[in-house]
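Here are the chains, one letter per residue:
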Amino acid sequence: MKAFVMRTYGTPDDLALTDLDKPVPADGEVLVRVRATSVNPYDWHHIIGQPYIARLMPGTMGLRGPKFAIPGCDMAGTVEAVGSAVPGFRPGDDVFALLRDGGFAEHVCVPADLLARKPANMSHEQAAAVPMAAVTALLGLRDTGGLKPGQRVLVNGASGGVGTFAVQIAVALGATVTGVCSAKNGGLVRSLGADEVIDYQTADFTRHDKRHDLMLDIAGSRPAASCRRVLTANGTLVLIGGPAGRWLQPVGHMIGMFAAAPFVPPRIAMADTGRCGKKKEHLQTLTGLIEDGKVIPVIDRRYPFAEISAAVEYSAAGHVAGKVVVPI
Ligand SMILES: NC(=O)c1ccc[n+]([C@@H]2O[C@H](COP(=O)([O-])OP(=O)(O)OC[C@H]3O[C@@H](n4cnc5c(N)ncnc54)[C@H](OP(=O)(O)O)[C@@H]3O)[C@@H](O)[C@H]2O)c1
């Protein structure tokens, strides 16, 4: 099989298209012929090995080199073979999953407890756009944020991968949404169901007159003390991401937000998809919303498999509207 391999930290251009043996599924695993993947900021962080502070954090990156050889955490494809002790999957089934690694390849072995059936009304390309971004949005809104029908949500960073899913999921869960994005993406965010849109280039959303029950902070552009102004007295601020940096960011931003927590009345919590133990259940919930027509992935660009480095570079520039997908 062909796969994009990185043996040392470097740049997306250092990803090497390599011929490897097709993997063999172990007990409890399923071999999937990958039909599409999508790109996330997570992939770029793991390719370049930054921020450096993350190399010191247990369970994240390797200290001197990558923990895994093949990046790519989003995958949609077709089951090719099934290991022993895997009930429920057969060759030919269309599936998708949120992986730790291995998605930038023609084949991947996936533990069955991560694998969900692909939504019936979606192509592999559309399904591959879903896992990391939509699971993060669902986790942040419903599980960490405790969103209830009738509540008001502010999504800071509403036009990116996580944000375009967050707006749609919040609306599907019965919330009224304010989206923060640039003017060029205002129409997109409104079309996804946002009641109101604030242009971050011309207005400070933390000076907005409305109060919200929940703020999903995907862009990480303002300090906690300012964000509290858009929240009700019992509101919740859920941290998802922030601007990338070489040494600390976005980890430093999260640490700063938590350091301010004792002095900021609303609750502050972090949604960490990497540590979420219910990825398959979340994909199944998302499949329900997708098949009901309540959530539709927004695809900004498609790149051929051979040009995956360019796809990662485009994502890393930080201005994707929706998702970047790569058919394989
Ligand atoms: N905690 C977790 O488990 C988890 C999981 C997934 C992602 N993340 C993190 O969440 C963040 C976003 O991920 P993503 O996949 O959504 O990234 P993305 O798709 O690359 O997001 C890009 C979007 O952010 C918008 N944006 C940039 N600066 C902004 C600002 N100051 N205010 C509002 N919007 C702004 C851009 O709009 P313009 O083009 O208009 O600037 C663009 O549409 C990253 O930091 C990522 O690492 C965390």
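Scoring rules and cut-offs
Residues numbered from 1 in each chain as written. Predicted model: local features only at pLDDT ≥ 70, side-chain atom pairs only at ≥ 80, totals over all residues. Heavy atoms only, no water. Near = heavy atom within 4 Å. Polar contact = N/O pair within 3.5 Å; in protein donor to acceptor, adjacent residues only side chain to side chain. Areas by Shrake-Rupley, 256 points an atom, 1.4 Å probe, with all protein chains shown as cover. Helix = DSSP H or I, 4+ residues; strand = E, 2+ residues; numbered from the N terminus. Contact = heavy atoms within 4.5 Å. Pairing = 2+ DSSP bridges. Axes fitted to C-alpha atoms, helices over the stretch in contact; angles between N-to-C directions. Disulfide = S-S within 2.5 Å. Buried < 20%, exposed > 50% of the residue type's maximum accessible area, 1.4 Å probe, protein only. Core = buried A, V, L, I, M, F, W, Y, C linked by side-chain atoms within 4.5 Å. Phe/Tyr/Trp six-rings, centres within 6.5 Å; stacked < 30°, edge-to-face > 60°. Parallel < 35°, antiparallel > 145°, perpendicular 65-115°, else oblique. Left-handed = near helix turned anticlockwise from the far one by under 90°. Nonpolar A, V, L, I, M, F, W, Y, C, P; charged D, E, K, R; others polar. Right-handed = clockwise from strand over helix to strand, strands pointing away.

Q: Would you explain the site of the ligand in this entry?
A: Taken together, 27 residues sit near the ligand, with Ser159, Ser182, Lys184, Tyr200 and Val320 positioned nearest. Serine 182 places a polar side-chain atom, nitrogen or oxygen, 2.4 Å from an oxygen atom of the ligand. At a separation of 2.8 Å, an oxygen atom of the ligand approaches a polar side-chain atom of histidine 319. In the complex, 85% of the free accessible area of the ligand, which totals 940 Å², lies under the protein chains. Counting residues per element, the ones that place at least two in the shell around the ligand are helix H3 (131-144) and helix H4 (161-172).

Q: Sorry if this is basic, but what is going on with the side chain of threonine 236 here?
A: For threonine 236, the location among the structural elements is in strand E12 (residues 231-239). Looking at threonine 236, its side chain comes within polar contact range of the side chain of arginine 267, at 3.5 Å. Beyond its immediate stretch of four places on either side in the chain, threonine 236 contacts Gly145, Asp213, Leu214, Met215, Leu231 and Arg267.

Q: How should the sheet that holds strand E8 (residues 152-156) be read in this particular structure?
A: Strand pairing within a sheet occurs via backbone hydrogen bonds; the two strands may be parallel or antiparallel. Strand order in this open sheet of six strands is E10-E9-E8-E11-E12-E13, and the pairing throughout is parallel. Both edges of this open sheet fall to strand E10 (196-199) and strand E13 (267-270), since each of them pairs with a single strand only. Neighbour-to-neighbour, the strand axes of the sheet open up by a mean angle of 20°, direction not taken into account. Relative to strand E9 (residues 176-181), E8 runs parallel, the two being bridged by five bridges. Bridge pairing links leucine 154 to threonine 178 in E9. Here H4 sits on the sheet and contacts E8, E9 and strand E11 (212-217); the angle it forms with E8, its principal contact strand, is near 175°.

Q: Explain the state of the cysteines to me, please; I cannot follow it from the model alone.
A: Covalent bonding between the sulfur atoms of two cysteines defines a disulfide. Tallied over the full model, the rule gives zero disulfides. Here cysteine 73 is not disulfide-linked; the sulfur of cysteine 276 is the nearest cysteine sulfur, at 13 Å. Assessed through its relative accessible area of 0%, cysteine 73 is described here as buried.

Q: Help me out: how do you make sense of the side chain of serine 309 in this one?
A: Within the secondary structure layout, serine 309 lies in helix H9 (residues 308-316). A relative accessible area of 11% means that serine 309 is categorised as buried. Ignoring sequence-local partners within four residues, the contact set of serine 309 consists of Pro12, Asp13 and Leu15.

Q: Is there a simple way to think about the nonpolar core in this case?
A: Note that soluble globular proteins tend to have their nonpolar side chains buried in a common cluster. By size, the foremost hydrophobic cluster in this structure holds 47 residues, and its most contacted members are Leu141, Ile169 and Leu286. For this core, the elements supplying multiple residues, two or more each, are strand E5 (94-98), helix H2 (124-128), H3, E8, H4, E9, E11 and helix H8 (279-291). With eight residues, H3 is the single largest residue contributor to this core. Residues Val32, Val79, Val95 and Ala97 belong to the second largest nonpolar core, which totals 38 residues.

Q: So what exactly am I meant to see when it comes to the packing of aromatic side chains here?
A: Each aromatic ring pair is described using two quantities: the centre-to-centre distance and the angle formed by the ring planes. In this structure the tally under the stated criterion is two aromatic pairs. Relative to phenylalanine 305, the ring of phenylalanine 4 lies with its centre 5.1 Å away and its plane at 85°, an arrangement referred to as edge-to-face. Taken together, the positions of phenylalanine 4 in strand E1 (residues 2-5) and phenylalanine 305 in the loop between strand E14 (299-302) and H9 put the pair 301 residues apart, joining distant regions of the chain. Summarising the burial analysis for this pair, phenylalanine 4 and phenylalanine 305 share the class buried. Taking the centre distance of 6.4 Å and the plane angle of 40° together, the rings of tyrosine 303 and tyrosine 314 count as tilted. Here tyrosine 314 lies in helix H9 and tyrosine 303 lies in the loop between E14 and H9, a separation of 11 residues in the sequence. Pair check on accessibility: tyrosine 303 and tyrosine 314 agree, each one buried.

Q: What am I meant to see in the packing of H3 against H4 here?
A: The geometry of a pair of packed helices is captured by two quantities: the angle between their axes and the separation between those axes. The contact between H3 and H4 brings their axes to 8 Å, and the two run at 50°. As judged from the angle between their axes, H3 and H4 are oblique. Relative to H4, the crossing made by H3 is right-handed. Here Ala133, Ala134, Thr136, Ala137, Leu138 and Leu141 of H3 lie close against H4, whose contacting residues are Gly161, Val162, Phe165, Ala166, Ile169 and Ala170. The residue makeup of the contact of H3 with H4, split by class, is 10 nonpolar, two polar and no charged.

Q: Would you explain the environment of cysteine 227 in this entry?
A: Tracing the sequence through the fold places cysteine 227 in helix H6 (residues 224-227). A relative accessible area of 0% places cysteine 227 in the buried class. Once the C-alpha coordinates of cysteine 227 and aspartate 217 are considered, the two residues, 10 residues apart in sequence, prove to be 9.0 Å apart. The contact partners of cysteine 227, leaving out residues within four places of it in the chain, are Thr206, Met215, Arg222, Leu237 and Met257.

Q: What exactly am I supposed to notice about the pairing of strand E15 (residues 323-327) here?
A: Along any regular strand, the residues point their side chains to alternate faces of the sheet. Of all five residues making up E15, four are buried, and the element is well covered by its neighbours. Bridging between strand E3 (residues 29-39) and E15 involves four bridges; their strand directions are antiparallel. Within E15, the residue paired with serine 38 across the bridge is valine 325. With three bridges connecting them, E14 and E15 associate as parallel partners. Of the residues in E15, the one forming a bridge with isoleucine 299 is lysine 323. Read from E14 through H9 to E15, the crossover connection turns out right-handed.

By themselves, these observations are geometric and do not establish any function.
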